[in-house]
Amino acid sequence: NLLLSAGKFLAGLLTSSVAISADAVNNLSDASSSIITLLGFRLAARPADDEHPYGHGRTEYLSGLAVSVMILLIGAELAKTSIQILSPEPITTGMVSILILAASILVKFWMAAFNRHVGRLIRSATLEATAADSRNDVISTGAVLIATLLQMQFGWNLDGYMGLAVAAFILWSGWGLVKDSIAPLLGQTPDPELVRHIADVTLS
């Protein structure tokens, strides 16, 4: 994420594109989300003690909630930036920025698939949220790439409009992740498959 952010900052400087620079900030925030995820796993793995007889497992849900809130903040900031550049200054396009954006999409697509696989494997809400964030990055960077190609081909500067559409999607996805993170903290109906498994073990 740090490498992707650095590459996009470079592309943003070369093209004077606010949308690409905003996408760089998005990747920088993803690095922060990764740190929160690591801390969440570290704290959740602590054994039970006198003050927490059931362990610290729910800390992982709190870190997932933190990542989800960060996604909402990123979406809101992207929407604000997009509104400010609905009538932007002309940008300069080039193959360097296109290659950086295309490479970012491929890397983020792999990260989304990897985090989703591991998240489902260990039933981690935090990694599921991280996977969704990577998927959002694929969509948002794809939108920026399309806007860049249209600018190059036809001279259409759609940075602001494309950014608003992406921001709306990110906000919708982030709100869903917030609800998914809060549900296990408040208490929810047990997983039917888990209930059946416990019953089978008890009977046997």
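Notes on the structure follow. Every value quoted in this text rests on a predicted model; they were computed, and no experiment measured them. (Residues numbered from 1 in each chain as written. Predicted model: local features only at pLDDT ≥ 70, side-chain atom pairs only at ≥ 80, totals over all residues. Heavy atoms only, no water.)

Focus on the pattern of salt bridges
Thought 1: Applying the stated criterion across every chain, the model contains two salt bridges.
Thought 2: Between Lys108 and Asp137 there is a salt bridge; the shortest N-O distance is 3.1 Å. Taken together, the residues Lys108 in helix 4 (residues 95-122) and Asp137 in helix 5 (residues 125-154) connect sequence positions 29 residues apart. Grouping residues by exposure puts Lys108 and Asp137 together as buried.
Thought 3: For the salt bridge of Arg120 with Glu128, the shortest nitrogen-to-oxygen distance reads 3.8 Å.
Thought 4: Using a relative accessible area of 58% as the deciding quantity, one classes Arg120 as exposed. (Salt bridge = Lys/Arg side-chain N within 4 Å of Asp/Glu carboxyl O. Helix = DSSP H or I, 4+ residues; strand = E, 2+ residues; numbered from the N terminus. Buried < 20%, exposed > 50% of the residue type's maximum accessible area, 1.4 Å probe, protein only.)

Examining the packing of aromatic side chains
Thought 1: Taken as a whole and assessed by the stated rule, the structure comprises one aromatic pair.
Thought 2: Ring centres of Trp110 and Phe114 lie 5.2 Å apart, and the angle between their planes is 15 degrees; on these two criteria the pair is classed as stacked. Here Phe114 and Trp110 lie together in helix 4, a separation of four residues that amounts to about one turn.
Thought 3: For Trp110, a relative accessible area of 55% puts it in the exposed group. (Phe/Tyr/Trp six-rings, centres within 6.5 Å; stacked < 30°, edge-to-face > 60°.)

Details of the side chain of Thr130
Thought 1: Looking at the element boundaries, Thr130 is found in helix 5.
Thought 2: Take Thr130: its relative accessible area is 15%, and that puts it in the buried class.
Thought 3: In contact with Thr130, not counting residues within four places along its chain, are Thr37 and Asn115. (Contact = heavy atoms within 4.5 Å.)

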